[in-house]
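Close look at the chain arrangement
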Amino acid sequence: MTHMIYVVPSLKAKEKLQSEGKAWAESQGFPYVLRHQRTIQDLMDEYGEDFLVYSSRGPQIDRPEGSHFFSLNMAELRIQNLRKGQRDHLLEALMGMKEREGRTPESLSCEGEGDRSRWKGSSEPPITVLDCTCGFGADAAVASFGLPAGSRVDALEVSPLLEAVTSWGFSHFVHKKDDVTAALRRISLRRGDYRDYLLSDEGPVYDVLYFDPMFQRPVEASCQFQPVRAIMEHGGLTQDLIERALQKARRRVVIKERDFRQLCRDFPEVTLYGGKYSRIGYAVLECDSWKK
């Protein structure tokens, strides 16, 4: 069942932008309604949370607290660092590099200014990844850019509004670097709840399942979360769901976290990735180790 989302143009939208917004809304099955100089509060009074404003930056979530539109955010800096040959802890975790004999994270580097990032000397096989909590799409973008050639990154997002904005970015945002644009186009995002996927015996099977529970309980003072706080899904990643993920994934489960104490108690075999002074890190649970 399609969640009803109304699309309205920005206040100063010219005819061309209005036509673009209407075409996008129709392609998504969303009703397009005229603005009539209504304020954001007027729109909220009429449509509640179920509307997007179409601007020159694409569809955006406009609220009195601020606006959220698609951008690469921190993924921009991380991609630049990959071009310089620097490490990315998420990529290392997804690839399970600490588990490879003779292949420690320190041995990784990247090359290729004009092409998509490739692991140096990579005889590494491609992998398939499902980002179960896509959110703003930054981690999916880094994964699509940096994983070995031929890898596939799919994503789930439970919030209809957030899925619409991020999906637009993956399919329409044009970066100044062609390989970044190509990386975005390779991501397949669909609306859905990862809990439904995990508890179902159907659906595609992936090498790696990735979770960012932090996105569901962000830092209260974080400005970028303010416009979307009311629509965010706050369901937690429980031990039972992690165990189900380990049954469903082919190779490993990766979880982004600030505090690993409970996870380490529940899963003593966990491997941790991340910088010594980083506020966040990645927990990697290998399916084979857990199933023994």
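Residues numbered from 1 in each chain as written. Predicted model: local features only at pLDDT ≥ 70, side-chain atom pairs only at ≥ 80, totals over all residues. Heavy atoms only, no water.

Further remarks concern the packing of helix H3 (residues 74-83) against helix H5 (residues 138-146). The interhelical angle for the contact between H3 and H5, taken along N-to-C directions, is 20°, at an axis separation of 9 Å. Between H3 and H5, the angle falls in the class roughly parallel. Every pair of crossing elements has a handedness; the one defined by H3 and H5 is right-handed. Of the residues in H5, those touching H3 at Ala75, Arg78, Ile79, Leu82 and Arg83 are Ala138, Asp139, Ala141, Val142, Phe145 and Gly146. Residues belonging to the contact of H3 with H5 are distributed by class as follows: seven nonpolar, one polar and three charged. (Axes fitted to C-alpha atoms, helices over the stretch in contact; angles between N-to-C directions. Helix = DSSP H or I, 4+ residues; strand = E, 2+ residues; numbered from the N terminus. Parallel < 35°, antiparallel > 145°, perpendicular 65-115°, else oblique. Left-handed = near helix turned anticlockwise from the far one by under 90°. Contact = heavy atoms within 4.5 Å. Nonpolar A, V, L, I, M, F, W, Y, C, P; charged D, E, K, R; others polar.)

In this section: helix H6 (residues 160-172). The terminal C-alpha atoms of H6 lie 18 Å apart, and with 13 residues this matches the ideal 18 Å at 1.5 Å per residue to within 8%. For H6, a buried count of ten out of 13 residues is recorded, marking the element as mostly surrounded by other parts of the structure. Considered for burial, the residues of H6 that qualify are Pro160, Leu161, Leu162, Glu163, Ala164, Val165, Thr166, Trp168, Gly169 and Phe170. (Expected span 1.5 Å × (residues − 1). Buried < 20%, exposed > 50% of the residue type's maximum accessible area, 1.4 Å probe, protein only.)

One open sheet accounts for four strands, arranged S1-S2-S3-S4; its pairing is mixed. Looking at the sheet topology across the chains shown, the edges are occupied by strand S1 (6-9) and strand S4 (66-68). On average, adjacent strands in this sheet sit at an angle of 40° to one another, irrespective of strand direction. One ladder, built from three bridges, connects strand S2 (residues 51-55) with strand S3 (residues 58-63); its direction is antiparallel. Bridge pairing in S3 places Ser55 opposite Gly58. Packing of H6 onto the sheet brings it into contact with S2, S3 and S4, and relative to S3 it is tilted by some 145°. (Pairing = 2+ DSSP bridges.)

Within the secondary structure, His175 is located in the loop between H6 and helix H7 (178-185). At a separation of 3.0 Å, a polar atom in the side chain of His175 contacts the side chain of Glu76. Apart from the residues lying within four places of it in its own chain, the contact partners of His175 are Leu72, Glu76, Val180 and Thr181. (Polar contact = N/O pair within 3.5 Å; in protein donor to acceptor, adjacent residues only side chain to side chain.)

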